[in-house]
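Each chain is listed here by its residues.
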Amino acid sequence: MSTSDIDTTFSAQDAPEFAPAQFVRWFREVAPYVHDFRGKTFVIAFGGELVSDGALNTLIQDLSLLSALGVKLVLVHGSRPQVNEQLKLKGYQTQFGRGTEPTSPEALECAKEAAGEIRLDIEASFSQGLPNTPMSHAQIRVISGNFVTARPVGIIDGVDYRHTGAVRKLDIDAIQMVIHQGAIVLLSPLGFSPTGDAFNLAMEDLATSAAVALRAEKLIFLTQDRTVHDADGSVDTELAREDADRLLANGSLDDDTASFLGHASRAVKRGVARAHLVPYTLDGSVLLEIFTHDGVGTMVVEDTLDDLRPAVVDDVGAIVQLIEPLEADGTLVPRGRSVIERDVEKFTVLEHDSVIYGCVALIPYLEENMAEMACLIVQPEWQGSGEGEMLLRHAESKARAMGAKRLFVLTTRTSHWFMKRGFVPGGISDLPKERQAHYNRSRNSLVFIKKL
């Protein structure tokens, strides 16, 4: 294999058997997510459409990997198309849509049959163990049972909803016991009352209730393609909950997307850290959503996850990792870990979903009303969306708050970037006297200054 083959990025389907550089890079990049999510609870919900479209087996393989990485899984499945098919085969005219509808005794029997069939399909998929397949040595247990207590929806506006129910409570202690033992909990869209009656539940409501009750880290809805899109047609990968609610209020979304987004917003409002709408039509979408920076679906959070915050001692290792490549190629002057530890309070880090991918340092020289901006870095794979400007604006604002009138930088390779952002060339004599004394003449760094 040639060097160009090694450096080329391939899709999962098209990658050759050996693409070492790509494999190693991806494996290293997912490590922070693996550490962050180990031991966390994910509620993953999907409708019967995923099953009828033949996507179940691939999904189970990816969920098996999540389980092996220490993620605690609760699966919630739907069965709407399967119930409708059963009703049609038996000659009934009733067909269920996305909203809440009455469930007749005949439809309830169809719901039971469909749920039982899908549950068996899921258990069979998790029981695979053929050598040389993703499920080899998996040995995953799937536990289902009467975890859900339901109540009847009752009569609304004169309409008796009969066997249509809503979640009254979940047996959280039993669910927690199962997932802490390393098994996966499977919830079907059926609930039972204390009197022994069964009720037909909406998968979306059940999944939301489970995620809230379990205080899940993530609620993931796998949809046919019900993500939210920007004006240019690209997927809006991250929505603050208030923005999601505004979208729902203006009525611009189709019914299915609005339903999923509404449940995602409700879950986040009630304490779930993140809720996702992910297209199951894309191979490996769950893994891509969880283990890549931008993901492939729409994520709803209480506030956006990009977070500028002061650095702390625990961030030193991540800052060193950001700086080292630029020190190695001569872009930055070598500092050493001890220097970063000493000056860590001067750093601000840019964090996304607990992963630090940018930083900037601000060193004050307030006797001369100046401040130096240093170590402005954004990881290359996360550049291009204004992160550098975000760090720059933050440094400028912080310098003003300190009382500085001018901000300066020393650079050997990025002069044009700073000039485009209002910095003008200066000289060594323009620097604060203390900084002049420590100027490294062998590097011959250029000086750029911006009035604040």
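Residues numbered from 1 in each chain as written. Predicted model: local features only at pLDDT ≥ 70, side-chain atom pairs only at ≥ 80, totals over all residues. Heavy atoms only, no water.

Asker: Can you help me understand the overall build of the protein in this one?
Answerer: Regarding its fold elements, the protein presents 16 helices and 21 strands. Its C-alpha atoms give the protein principal-axis dimensions of roughly 90 × 55 × 40 Å. Taking the contacts inside the protein whose residues are at least 6 apart along the sequence as the reference set, 68% of them involve residues at least 24 apart. Accessible surface, the protein as shown: approximately 22,500 Å² in total, 50% of it carbon and sulfur. A distance of 7 Å separates the average location of the 44 positive side-chain charges in the protein from that of its 62 negative side-chain charges. (Helix = DSSP H or I, 4+ residues; strand = E, 2+ residues; numbered from the N terminus. Contact = heavy atoms within 4.5 Å. Areas by Shrake-Rupley, 256 points an atom, 1.4 Å probe, with all protein chains shown as cover. Lys, Arg positive; Asp, Glu negative; His and termini not counted. Charge placed at Lys NZ, Arg CZ, Asp CG, Glu CD.)

Asker: Sorry, what's going on with the nonpolar core here?
Answerer: Considering soluble globular proteins, one finds that nonpolar side chains tend to be buried as a cluster. If you look at the biggest cluster of nonpolar residues, it comprises 50 residues, and the most contacted ones within it are Ile44, Leu63, Leu66, Phe126, Leu222 and Met373. The leading source of residues in this core is helix H4 (residues 56-68), at five residues. Beyond its immediate chain neighbours, meaning those up to four positions away, Met373 contacts Val360, Ala361, Leu362, Leu392, Ala395, Leu407, Phe408, Val409, Phe418 and Phe423. (Core = buried A, V, L, I, M, F, W, Y, C linked by side-chain atoms within 4.5 Å. Buried < 20%, exposed > 50% of the residue type's maximum accessible area, 1.4 Å probe, protein only.)

Asker: Whenever I open this one, the packing of helix H9 (residues 241-250) against helix H10 (residues 255-269) confuses me. Can you help?
Answerer: In helix packing, the relevant descriptors are the interaxial angle and the interaxial distance, both defined with respect to the helix axes. One way to put it is that H9 packs onto H10 with a least axis distance of 10 Å and a crossing angle of 145 degrees. Crossing angle aside, the handedness with which H9 passes H10 is left-handed. Contact residues: Arg241, Ala244, Asp245, Leu247 and Leu248 in H9; Ala258, Leu261, Gly262, Ser265, Val268 and Lys269 in H10. In the contact of H9 with H10, the residues fall into six nonpolar, two polar and three charged. (Axes fitted to C-alpha atoms, helices over the stretch in contact; angles between N-to-C directions. Left-handed = near helix turned anticlockwise from the far one by under 90°. Nonpolar A, V, L, I, M, F, W, Y, C, P; charged D, E, K, R; others polar.)

Asker: Hey, could you run me through a nonpolar patch on the surface in this one?
Answerer: A contiguous nonpolar patch, built from Phe23, Val24 and Phe27 and spanning about 330 Å² of accessible area, is present on the exposed surface. Relative to the elements of secondary structure, Val24 occurs in helix H2 (residues 20-37). With a relative accessible area of 34%, Val24 lands in the partly exposed category. (Patch = residues over 30% accessible without salt bridge, like charges linked within 9 Å, V, L, I, M, F, W, Y side chains within 5 Å. Salt bridge = Lys/Arg side-chain N within 4 Å of Asp/Glu carboxyl O.)

Asker: How do you make sense of the side chain of Ser265 when you look at a structure like this?
Answerer: Mapped onto the secondary structure, Ser265 falls in helix H10. The residues contacting Ser265, other than those within four sequence positions of it, are Arg241, Asp245 and Val300.

Asker: Any chance you could explain helix H7 (residues 172-180) here in plain terms?
Answerer: For the α-helix, the turn length of 3.6 residues means that residues three or four positions removed from each other point alike. Buried within H7 we find Ala174, Ile175, Val178 and Ile179. Within H7, the buried residues cover an arc of 125 degrees as seen down the axis, which keeps them to one side. Exposed side chains of H7 directed beyond 90 degrees from the buried face belong to Asp173 and His180. Buried residues along H7 sit in contact with strand S1 (41-46), strand S2 (72-77), strand S3 (142-143), strand S7 (165-170), strand S8 (184-187) and helix H8 (203-214). One or two steps after H7, the chain reaches Gly182, where phi turns positive at roughly 90 degrees. (Arc of directions from axis to C-beta.)

In short, shape yes, function no, at least from these values alone.
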